[in-house]
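# Topology and contacts: notes
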Number of protein chains: 2
Amino acid sequence: MTHNLDELIEQYRAELFDSVLPFWLENSIDKEYGGYFTCLDRQGKVFDTDKFIWLQGREVWLFSMLYNNVAPRQEWLDAAVSGAKFLKEHGHDGNFNWYFSVTRDGKPLVEPYNIFSNTFATMAFGQLAKATGCKEYESIALNTWNEVLKRRENPKGKWNKLHPGTRQLKNFALPMILCNLVLEIQHLLDESMLKKTTDDFLHEVLDVFIRPELGGIVMENVLEDGTLCDCFEGRHMNPGHAIEAMWFIMDLGRRLNRPELIELAKDTALRMAEYGWDKEFGGIYYFMDLKGCPPQELEWDQKLWWVHLETMISMIKGYRLTGDKRCLEWFERVHDYAWEHFKDKEYPEWFGYLNRRGEVLLPLKGGKWKGCFHVPRGLYQVWTVLKEMKEEGIEL
Amino acid sequence: MTHNLDELIEQYRAELFDSVLPFWLENSIDKEYGGYFTCLDRQGKVFDTDKFIWLQGREVWLFSMLYNNVAPRQEWLDAAVSGAKFLKEHGHDGNFNWYFSVTRDGKPLVEPYNIFSNTFATMAFGQLAKATGCKEYESIALNTWNEVLKRRENPKGKWNKLHPGTRQLKNFALPMILCNLVLEIQHLLDESMLKKTTDDFLHEVLDVFIRPELGGIVMENVLEDGTLCDCFEGRHMNPGHAIEAMWFIMDLGRRLNRPELIELAKDTALRMAEYGWDKEFGGIYYFMDLKGCPPQELEWDQKLWWVHLETMISMIKGYRLTGDKRCLEWFERVHDYAWEHFKDKEYPEWFGYLNRRGEVLLPLKGGKWKGCFHVPRGLYQVWTVLKEMKEEGIEL
């Protein structure tokens, strides 16, 4: 590896604490109505004031997590609490069904059709409960968690447009996110609940979506009975999503003291990085088709920030935990690509959307889907793992 | 203009009848289950067998329309009837609520949430009723038309994810399509019904979505009370959609003998072509943002086949009907771009999806949204207008 460990640690530290976090603290806090602006242009100016619940929850989580894990800085707690208050008052329908989006002043815009609004609200209030010891936040987290478990079988509920009975597909995203979420709120769950749900989610991810007959790659959608389906959704591949899931599994492997999970996750992450890498222009494709058919998503060949940050996390964790040199090679490859293409060299925060060639497609720093989450979480995770490696004497 | 009228007429005729229509007749007919395959690769091989009702209806319409307007060829009627039988049996829920998609053998996949499945079914059975004189087809067209009118106020029905009352937007697509549909089924409507609905749809398009305060450009979404909304949907621009609508208005202007409609439509089409043209790489953008903010659609800068075919129709009609030379210049510019970039020089039919630079993004000839419709309809319309110009002595 051409990089030096101490320099890398400092690079990630400085980027996170001196550039990215100040960007969000300065630009995203809505001092009038609470909550956060996430639609921020290249320089941080607000271009749209709608509030998307995924991103509101994720920003509460991020600042709470830093408060819990890095240092009890008042400004981080204040930032988290301002978002949590807004979410608590305006984010759900009274029964912990979280809207998809609301107006700046908190009027509901898009109904609670999207279960991931719930998962990110759970994460948010779970971490903030830990930071504050506040029982109300704890109970919001647990109530929302219970709603998630209730809705698992039919996450879209009445907004589900699939005709029942013809082709019941199940999707990788929910068990994958739940593998992370259960660790995020483990301080609120008793050990038997943790064990039961974890076994369940892990079974889905490991035995259903990772496919040995395809060499161990990860599918996004399979039929209810676990078989593959030769349709657009059934052929749909999302390499970044699969790679992200693998560091969730590595974390679970450590928590449950199951090293074989870590090995499997590391191998799967390597396989999916190899699968998704664009050999012509570099970077990892957004979407692919299992059979090489034209995908239905027109943005399939774009390079997205989160895919690359999540890959860096999985690869550096994989290296630290298993010593597999291929992880280090992949970490370096994706690190070099990401810092060259996603980092904005003139203004703080990273670009989110590049075209296939790696040129900036949208100059925004935040929008409907990009908020204060993958960039700071990725920088935090890589910084933390690099520091652990230094303490443990693991060389690059 | 550098093109010769006779050569152009022959170019469009040959492309339509000797290349594009044979492609669909040879590759899209499902001889086992009826209906059409539309997911066809570059060479015409089926890569997915799901049947999307928009495209099933549009192909029935296309072959019926050619039978009615060009020549009563049995193979065209057979192709139309094979699709119509499948649609009649499997395309709706028994009450003329047309599914969005069904399996190859006709099992419902995606529920009737999309009102455009109804509009294209109406078009299909309306033209086929004209071709065959069959009362059953006529009644399917009229029943479906009545469902469309009933659903106009809340087209998505129970699948609408917008929270009622916060921000009621209305969309350009439905009145725009209805301006065309009412002419497609005029032989089934009495004159007072035609007049009443036409006045209504024209009012929506002309007085609501064309905005004089913005220099006469066309918005895609406005609030219920007709005011603009500064949100993603409210800033959303779709130049190709607006330009397509303008030839529907020109046709209505002729039908209703209202030349001022033709003038307005021609000027609006010119304005939207100017607005949407990519001055760096050529071609018309798919989506834009009124205020130049980053659009939420990641495919915004791509160049789509239908946008360019519809623009050619509007420009050549605009020139024929008004003599405005700017229309001819625009026709030539878009004709040159389209034949250079969308026409596949090695295999029949045209590419559908190009990246911003005009390079092929997906090599398919048909898919979930591209079927036997915009390419052959565009070639037919341009060919027909060019022939009329020749008869009328209008020069290029």
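In case you missed it, the structure is sitting above this.
Notes on the structure in this doc start here.

What counts and what doesn't
Residues numbered from 1 in each chain as written. Chains lettered and ligands numbered in written order. Predicted model: local features only at pLDDT ≥ 70, side-chain atom pairs only at ≥ 80, totals over all residues. Heavy atoms only, no water. Helix = DSSP H or I, 4+ residues; strand = E, 2+ residues; numbered from the N terminus. Rg over C-alpha atoms; globule rule 2.2 N^0.38 Å. Buried < 20%, exposed > 50% of the residue type's maximum accessible area, 1.4 Å probe, protein only. Contact = heavy atoms within 4.5 Å. Buried area = accessible area lost by both parts, 1.4 Å probe. Salt bridge = Lys/Arg side-chain N within 4 Å of Asp/Glu carboxyl O. Polar contact = N/O pair within 3.5 Å; in protein donor to acceptor, adjacent residues only side chain to side chain. Nonpolar A, V, L, I, M, F, W, Y, C, P; charged D, E, K, R; others polar. Pairing = 2+ DSSP bridges. Least-squares fit on C-alpha atoms with pLDDT ≥ 70 in both. Expected span 1.5 Å × (residues − 1). Axes fitted to C-alpha atoms, helices over the stretch in contact; angles between N-to-C directions. Parallel < 35°, antiparallel > 145°, perpendicular 65-115°, else oblique. Left-handed = near helix turned anticlockwise from the far one by under 90°. Phe/Tyr/Trp six-rings, centres within 6.5 Å; stacked < 30°, edge-to-face > 60°. Lys NZ or Arg CZ within 6 Å of the ring centre and 35° of its normal.

Helix and strand content of chain A: 13 helices and 14 strands. The C-alpha radius of gyration computed for chain A amounts to 20 Å, which stays within 12% of the reference 21 Å derived for 396 residues, consistent with globular compactness. Projected onto its principal axes, the C-alpha positions of chain A cover 55 × 50 × 45 Å. Scored against the burial criterion, the 396 residues of chain A give a buried share of 63%. Sequence separation of at least 24 residues holds for 67% of the intrachain contacts in chain A that already meet a minimum separation of 6.

This paragraph deals with the interface of chain A and chain B. Facing 43 residues of chain A, the contacting portion of chain B comprises 43 residues. Summed over both partners, the interface of chain A with chain B buries about 3800 Å², with 60% contributed by carbon and sulfur atoms. Contact with chain B buries area across many residues of chain A, yet Lys161, His163 and Leu298 of chain A alone supply 18% of it, more than any other trio. Across the chain A-chain B interface, the total number found is six salt bridges. As a salt-bridge pair, Asp48 of chain A and Arg235 of chain B come within 2.9 Å of each other at their nearest N and O atoms. Inspection of the chain A/chain B interface yields 21 residue pairs in polar contact (both at pLDDT 80 or more). Split into classes, the residues belonging to the side of chain A that touches chain B amount to 23 nonpolar, six polar and 14 charged.

Sheet strands line up and pair through hydrogen bonds in the backbone, either parallel or antiparallel. Residue and element names in this part refer to chain A. Across the sheet, which stays open at both edges, the three strands sit in the order 12-13-14 with antiparallel pairing between neighbours. Strands with a single pairing partner mark the edges of an open sheet, and in this sheet they are strand 12 (303-304) and strand 14 (360-362). Bridge analysis of strand 13 (residues 353-354) against strand 14 gives two bridges, and the strand direction is antiparallel. Bridge pairing in strand 14 links Tyr353 to Leu362.

With an axial shift of 0.0 Å and an RMSD of 0.0 Å, the rotation relating chain A to chain B amounts to 180°. Interpreted geometrically, this transformation is the action of a two-fold axis.

A few words on helix 9 (residues 239-255) of chain B. Residues three or four positions apart in an α-helix share a direction because the helix packs 3.6 residues into each turn. Residue and element names in this part refer to chain B. Here helix 9 is 17 residues long and its end C-alpha atoms lie 25 Å apart, about the 24 Å a rise of 1.5 Å per residue gives. Within helix 9, 15 of the 17 residues are buried, which leaves it mostly tucked inside the rest of the structure. Following helix 9 by one or two positions, Asn257 adopts a phi angle in the positive range, close to 55°.

This next bit is on the packing of helix 2 (residues 53-69) of chain A against helix 13 (residues 374-392) of chain A. All names here are of chain A. Look at helix 2 against helix 13: their axes get within 10 Å of each other, and the N-to-C directions meet at 25°. Taken together, the axes of helix 2 and helix 13 are roughly parallel relative to one another. Pair helix 2 / helix 13 crosses with left-handed handedness. In this structure, helix 2 uses Arg58, Trp61, Leu62, Met65, Leu66 and Asn69 to contact helix 13, whose residues at the interface are His374, Pro376, Arg377 and Tyr380.

Relative placement of two packed helices is described by the angle separating their axes and the distance separating the axes. Residues and elements named next belong to chain A. One way to put it is that helix 9 (residues 239-255) packs onto helix 13 with a least axis distance of 14 Å and a crossing angle of 45°. Accordingly, the angle class assigned to the pair helix 9 and helix 13 is oblique. Seen along the crossing, helix 9 lies across helix 13 with a hand that is left-handed. Contacts from Glu244, Trp247 and Phe248 in helix 9 reach His374, Arg377 and Gln381 in helix 13. When grouped by side-chain class, the residues that make up the contact of helix 9 with helix 13 number two nonpolar, two polar and two charged.

The next subject is the pattern of salt bridges. Scanning the entire structure with this criterion turns up 82 salt bridges over all chains. Two residues, Arg258 of chain A and Glu260 of chain A, come together in a salt bridge whose shortest N-O distance is 2.9 Å. Residue classification places Arg258 of chain A among the partly exposed positions, given a relative accessible area of 28%. Two residues, Asp267 of chain B and Arg326 of chain B, come together in a salt bridge whose shortest N-O distance is 3.6 Å. Of this pair, Asp267 of chain B sits in helix 10 (residues 259-276) while Arg326 of chain B sits in helix 12 (residues 325-341), and the two are 59 residues apart along the sequence. Judged by relative accessible area, which is 25%, Asp267 of chain B ranks as partly exposed.

Now for the sheet that holds strand 3 (residues 51-52) of chain B. Residue and element names in this part refer to chain B. Spatially, 3-4-5 is the arrangement adopted by the three strands of the open sheet, whose pairing is antiparallel. Edge positions in the open sheet fall to strand 3 and strand 5 (108-110), since each of these has one partner strand only. Of the strand pairs in this sheet, strand 4 (residues 101-102) and strand 5 are connected by two bridges, and their pairing is antiparallel. Following the sheet pairing, Ser101 is matched in strand 5 by Val110.

A word on the packing of aromatic side chains. By the definition in use, this model includes 58 aromatic pairs over all chains. Centre to centre, the rings of Tyr12 of chain A and Phe331 of chain A are 6.5 Å apart; their planes meet at 35°, and the pair counts as tilted. Residue Tyr12 of chain A is located in helix 1 (residues 5-27), and its partner Phe331 of chain A is located in helix 12 (residues 325-341); the two are separated by 319 residues in the primary sequence. With relative accessibility at 0%, the residue Tyr12 of chain A sits in the buried group. In this structure Phe331 of chain A comes out as buried when scored by relative accessible area, which is 0%. With centroids separated by 6.1 Å and ring planes inclined at 75°, the aromatic side chains of Trp277 of chain B and Tyr337 of chain B adopt a geometry described as edge-to-face. With Trp277 of chain B in the loop between helix 10 and strand 11 (288-289) and Tyr337 of chain B in helix 12, this pair connects stretches of sequence that are 60 residues apart. A network of ring pairs unites the aromatic residues Phe47, Phe52, Trp54, Trp61, Phe100, Tyr113, Phe116, Phe120, Trp369 and Phe373 of chain A together with Phe232 of chain B as a single cluster. Seen from the ring of Phe120 of chain B, Arg58 of chain B lies directly overhead, with NZ or CZ sitting 4.2 Å from the centre.

Take it as geometry only, folks, not as evidence of what the structure does.
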